[in-house]
Amino acid sequence: MTKPISPLRQRMIEDMTIRNMSPSTQKVYTYAVANFSAFHGRSPDKLTFEDVRVYRLHLISRGLKPNSINPIMGALRFFYGTTLGLKEVSEHIPYARRADILPAVMAPDDVVRFLKAVPDLKMRTLFIAIYAAGLRVSEAVKLTARDIDSARMVIIIRQAKGRKDRYVMLSEQLLGILRAYWKQAHLQHLLFPGPDRSRPITTRSVQRACRQAVEAAGLDKSITVHTLRHSFATHLLEQGVDIHVIQDLLGHRNIASTTRYARVAINTIRKIQSPLELLNMELAAPA
């Protein structure tokens, strides 16, 4: 039998639904609060800020990084601040400071090496689409025939992160690749269906294919599917595309998320002249 949902959990779900939070966020948040409650062995509405502090130290002792801890803290902040109406508790639950790590980026030649190492037509076409349009893997797997607008040469990304639609450019080369793939794969609606052709391929399957291709191509093992999106943004920046345009193409809400790529745009950095070049430094050799 299915365990009934408690009134408190139902209230939290309703609060998230009212705010139009995505199903994936709702799942993460309810799971996080349930784990917090299970850790202390009490209903979460009976737990205090001190209990949050103890739980956080427990997560750190397990080796969880800020990227993993912050969604849990976000869930607890929402639970206390919105569902319980305890703003004073919510505001005292801080987010962890994340390490400011440069995004991994592949050189264009490495992108070619990677794509050539993907033997499966569907996976190779999917990876090409991700790189060509800067897509998230979750966006790419849901693409359908109606999302490809060849008349206007754009792709519409529907209800992406933040429940936002956006347009990205449709490369002439990508359009040709998609048409050939569509014809060979005998597709009807989804571009990248899974075993059940009415449902998209899972992101886990895509990530597995990526790891296999990275290994086959002899590339750095830190490369993931998301590296293709990082590479798309960085290569556009190196081509001189305005960073605000890149922000819109990526669907970033905050420009700070996009400006990270300026720090890894090697070709752009190389073109910058050091102020030393403007000085006449004919220094004698040290005695």
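Preceding this section is the structure that the text describes.
These notes cover the structure that comes with them. Residue positions are given per chain, counting from 1 as you read along its sequence in written order. Owing to the predicted nature of the model, reporting of local features is limited to residues with pLDDT of at least 70; listing and counting of side-chain atom pairs is limited to 80 or more, with chain, interface and lining totals taken over all residues. Excluded from the side-chain calculation are hydrogens and water; included are all heavy atoms of the structure.

1. Digging into the packing of aromatic side chains
For step 1, the next point in the chain: Pairing of aromatic side chains here covers Phe, Tyr and the six-membered ring of Trp, requires ring centres within 6.5 Å, and sorts the geometry by plane angle: under 30 degrees stacked, over 60 edge-to-face, intermediate tilted. On inspection of all chains with the given rule, the structure shows six aromatic pairs.
For step 2, the next point in the chain: Considering the side-chain rings of tyrosine 29 and phenylalanine 78, the 6.1 Å spacing of their centres and the 55° angle between planes classify their relative orientation as tilted. Note that tyrosine 29 is positioned in helix 2 (residues 23-40) and phenylalanine 78 in helix 4 (residues 66-83), a separation of 49 residues in sequence.
For step 3, the next point in the chain: On the numbers, 5.2 Å between centres and 50° between planes, the contact of phenylalanine 39 with tyrosine 55 is tilted. Here phenylalanine 39, found in helix 2, pairs with tyrosine 55, found in helix 3 (residues 49-61); they are 16 residues apart in sequence, far enough to count as distant. Runs of E in the DSSP output that reach at least two residues are strands. Runs of H or I that reach at least four are helices, and both are numbered from the N terminus.

2. Some thoughts on the sheet that holds strand 2 (residues 154-157)
Whether parallel or antiparallel, the strands of a sheet pair through hydrogen bonds between backbone atoms.
For step 1, the next point in the chain: Pairing between two strands requires that DSSP report at least two bridges joining them. Pairing in this open sheet of three strands is antiparallel, and the strands run 1-2-3 from one edge to the other. In the strand order of this sheet, the two ends are held by strand 1 (148-149) and strand 3 (166-169), each with one partner.
For step 2, the next point in the chain: For strand 2 and strand 3, the ladder comprises four bridges, and the chain directions are antiparallel. Within the sheet, the bridge partner assigned to isoleucine 155 lies in strand 3 and is valine 168.

3. Here we look at helix 2
For step 1, the next point in the chain: Between the first and last residue of a helix there are one fewer steps than residues, each counted as 1.5 Å, and that sum is the expected span. In this model, helix 2 (18 residues) spans 26 Å end to end at C-alpha, consistent with the 26 Å of a helix rising 1.5 Å per residue.
For step 2, the next point in the chain: Burial here depends on accessible area, computed with a 1.4 Å probe over protein chains only, as a share of the maximum for the residue type. Under 20% is buried, over 50% is exposed, and the range in between is partly exposed. Where helix 2 is concerned, the buried positions are Gln26, Tyr29, Thr30, Ala32, Val33, Phe36, Ser37 and His40. When helix 2 is viewed along its axis, its buried side chains cluster within an angular range of 155° and face the same direction. In helix 2, those exposed residues whose orientation departs by more than 90 degrees from the buried face are Pro23, Ser24, Lys27, Tyr31 and Ala38.
For step 3, the next point in the chain: Close packing links the buried residues of helix 2 with helix 1 (7-18), helix 3 and helix 4.
For step 4, the next point in the chain: Positive phi appears at glycine 41, one or two residues downstream of helix 2, with a value of about 70°. Directions drawn from the helix axis to the C-beta atoms are what define this arc. Contact definition: two residues touch when any of their heavy atoms are within 4.5 Å.

4. Side note on the nonpolar core
For step 1, the next point in the chain: Here, nonpolar core refers to any group of buried Ala, Val, Leu, Ile, Met, Phe, Trp, Tyr and Cys residues whose side-chain atoms link them within 4.5 Å. Counting residues in each nonpolar core, the largest one holds 53 residues, and the members touching the most others are Phe114, Leu126, Phe127, Ile155 and Val206.
For step 2, the next point in the chain: Elements with a contribution of two residues or more to this core: helix 6 (108-116), helix 7 (121-133), helix 8 (137-140), strand 2, helix 9 (172-185), helix 10 (203-217), helix 11 (225-238) and helix 12 (243-250).
For step 3, the next point in the chain: Of all the elements, helix 7 adds the most residues to this core, at seven residues.
For step 4, the next point in the chain: Beyond its immediate stretch of four places on either side in the chain, phenylalanine 127 contacts Phe114, Leu115, Val118, Val206, Ala209, Cys210, Val225 and Leu228.

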